Amino acid sequence: MHLVIFGCGYSGTAIAKAFMAEGFRISGTTRSEEKAAALRAQGIEAFVFDGETLDATLVDAMRSATHLVQSIAPREAGDPLLKLAGERIETLMPELSWIGYLSTVGVYGDHKGEWVSEETPCVPVSGRSKERLEAEAAWIAIGERIGIPAAVLRLSGIYGPGRNAFVNLARGTARRLIKKDQVFNRIRVEDIGASARFLSEHKLGGIYNVTDDRPGPPQDVIVEAARLMGVEPPPEQAFETAELTPMARSFYGENKRVSNAKLKAAGFTFAFPTYPQSLAQLLQNEAWRG
């Protein structure tokens, strides 16, 4: 069994580890030779992919792929892999039996803090979320065309070893922004890896929210991490007057609670269903630094 991951970054590497534990051969792409060397050090066959061309060595690796995960964000011109390989995927990857596409809960847009599920109509706010929605539909259509399951994993705010509130507190970059009634969902990166493996193992396609059980105000995560670390949390800051990048500010323009009931009903069990439990585990295992 051979998994090829396009965009083997933070989430992609967690997926690689989950499949590797089951004896899969793993190939992954990244954007620089330095990052490729880091992937190779973890046992991943790494290829540099610029999103513009598929070189001969990568095409050769794709030929034996039984599983595909596409994690590269779409650009203004659309999904780079769809553009290069979408119409000839069955020729390039004749052994393919499952496709996973990493998307975002951002495709739902703003729902004023209400619960959303996979059945909720998507009203994306940002251009990047509209592009994601188009890519989702295209990958599902490819799966239908070639007769294999294509799963869309809609991910919420990703955290885990090396990327978490403890790291931000230690660096002095943690912020306790307060916006009335704002909530977010989160997902531990290892649960992304495990859910991708679960969906592929059970040959499941369609759309799945990959998110935790406990949507909540972002400032509460900082307070809990500070409590666990035994340090003072940063002072509260009003969202309206805080200096933020346009992208950071745009995240606060969407407010929703995302349900993971469909994935659970399929039989998946989250290892880290809530952030207090997950943060405590990161600290106890001294894994928070990454």
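To start, this report covers the structure provided alongside it.

Cut-offs applied
- Residues numbered from 1 in each chain as written.
- Predicted model: local features only at pLDDT ≥ 70, side-chain atom pairs only at ≥ 80, totals over all residues.
- Heavy atoms only, no water.
- Helix = DSSP H or I, 4+ residues; strand = E, 2+ residues; numbered from the N terminus.
- Rg over C-alpha atoms; globule rule 2.2 N^0.38 Å.
- Buried < 20%, exposed > 50% of the residue type's maximum accessible area, 1.4 Å probe, protein only.
- Phe/Tyr/Trp six-rings, centres within 6.5 Å; stacked < 30°, edge-to-face > 60°.
- Lys NZ or Arg CZ within 6 Å of the ring centre and 35° of its normal.
- Axes fitted to C-alpha atoms, helices over the stretch in contact; angles between N-to-C directions.
- Left-handed = near helix turned anticlockwise from the far one by under 90°.
- Contact = heavy atoms within 4.5 Å.
- Nonpolar A, V, L, I, M, F, W, Y, C, P; charged D, E, K, R; others polar.

Right, let's get into the overall build of the protein. Helix and strand counts for the protein come out as 12 helices and 13 strands. For 290 residues, the compact-globule formula gives about 19 Å, and the C-alpha radius of gyration of the protein, at 19 Å, lands near that figure. The dimensions of the protein, computed from C-alpha atoms along their principal axes, are 55 × 40 × 35 Å. The proportion of buried residues among the 290 residues of the protein is 51%.

According to the stated counting rule, one finds 7 aromatic pairs in the structure shown. Measuring from centroid to centroid gives 5.0 Å for Phe19 and Phe24, while their planes differ by 90°, and the two rings are edge-to-face. Across this residue pair, the class does not change: Phe19 and Phe24 are buried. Pairwise contacts between aromatic rings join Phe184, Phe239 and Tyr252 into one cluster. The ring of Tyr208 has Lys262 sitting right over it, with the charged end atom 4.5 Å from the ring centre.

Once that is clear, we can look at the packing of helix α9 (residues 218-229) against helix α12 (residues 275-284). Remark: α9 packs on α12, axes separated minimally by 10 Å, with the N-to-C direction vectors making an angle of 35°. Between α9 and α12 the crossing geometry is right-handed. Of the residues in α12, those in contact with Asp220, Val221, Glu224, Ala225, Leu228 and Met229 of α9 are Tyr275, Pro276, Leu279, Ala280 and Leu283. When grouped by side-chain class, the residues that make up the contact of α9 with α12 number 9 nonpolar, no polar and 2 charged.

Note that all results are geometric; they support no functional claim without further evidence.
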